[in-house]
Amino acid sequence: MKAILTTLVILLLAITTYIYLNSYRSAFEADQACHFNISTIDKKENNELGCDHDLETRQWILYEVASPEIPAKVIKRFRY
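Residues numbered from 1 in each chain as written. Predicted model: local features only at pLDDT ≥ 70, side-chain atom pairs only at ≥ 80, totals over all residues. Heavy atoms only, no water.

Chemist: Go over the state of the cysteines with me, naming the residues and quoting the values.
Modeler: Think of a disulfide as a covalent bridge from one cysteine sulfur atom to another cysteine sulfur atom. What the rule picks out here adds up to 1 disulfide. One disulfide in the model links C34 with C51; its S-S distance is 2.0 Å. Classification of the bridge connecting C34 and C51 rests on its S-S torsion, roughly -105°, and on that basis the disulfide is left-handed. Residue C34 is located in helix α2 (residues 27-40), and its partner C51 is located in strand β1 (residues 48-54); the two are separated by 17 residues in the primary sequence. Each member of the pair, C34 together with C51, is buried. (Disulfide = S-S within 2.5 Å. Helix = DSSP H or I, 4+ residues; strand = E, 2+ residues; numbered from the N terminus. Buried < 20%, exposed > 50% of the residue type's maximum accessible area, 1.4 Å probe, protein only.)

As structure tokens, this is what we get:
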């Protein structure tokens, strides 16, 4: 029983550490990272890239729009 509890605590600690180290500290940092990625990604064809802020999920979303008839494709999420 102690081994299971210890394993769960270590697993929870590892997940928490991973999330903390791989997330941005503020919306500003996430915004800057999103817009920086727009300038570094090769633009295919005539597709447009953009960043949008989602307040509900606390993230910036980098997306690609091929045409107005097709829904945007999410490229990357920047959680903060």
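Chemist: How would you sum up helix α1 (residues 2-21)? Please name residues and give values.
Modeler: Structural remark: α-helix, 3.6 residues per turn; residues separated by three or four positions point the same way. Its 20 residues give α1 an end-to-end C-alpha distance of 28 Å, which sits within 8% of 28 Å, the value for a rise of 1.5 Å per residue. Burial runs low along α1: only 0 of the 20 residues are buried. (Expected span 1.5 Å × (residues − 1).)

Chemist: How would you explain the nonpolar core if you had to name every residue and give the values?
Modeler: Within the largest apolar cluster, 10 residues are counted, these being A30, A33, C34, I38, L49, C51, W60, L62, F78 and Y80. When contributions to this core are tallied by element, the ones reaching two or more residues are α2, β1 and β2 (59-65). Setting aside its immediate chain neighbours within four residues, L62 contacts C34, N37, I38, I41, G50, C51, K73, V74, I75, K76 and F78. (Core = buried A, V, L, I, M, F, W, Y, C linked by side-chain atoms within 4.5 Å. Contact = heavy atoms within 4.5 Å.)

Chemist: Account for α2, with residues named and values stated.
Modeler: Here α2 spans 20 Å end to end across 14 residues, near enough to the 20 Å set by a 1.5 Å rise per residue. Taken as a whole, α2 has its buried residues at A30, D31, A33, C34, N37 and I38. Each buried residue of α2 lies within a common arc of 165° when the element is viewed along its axis, so the set occupies one face. Facing away from the buried side of α2, by more than 90 degrees, are the exposed residues F28, F36 and S39. On its buried face, α2 is in contact with β1, β2 and β3 (73-79). (Arc of directions from axis to C-beta.)

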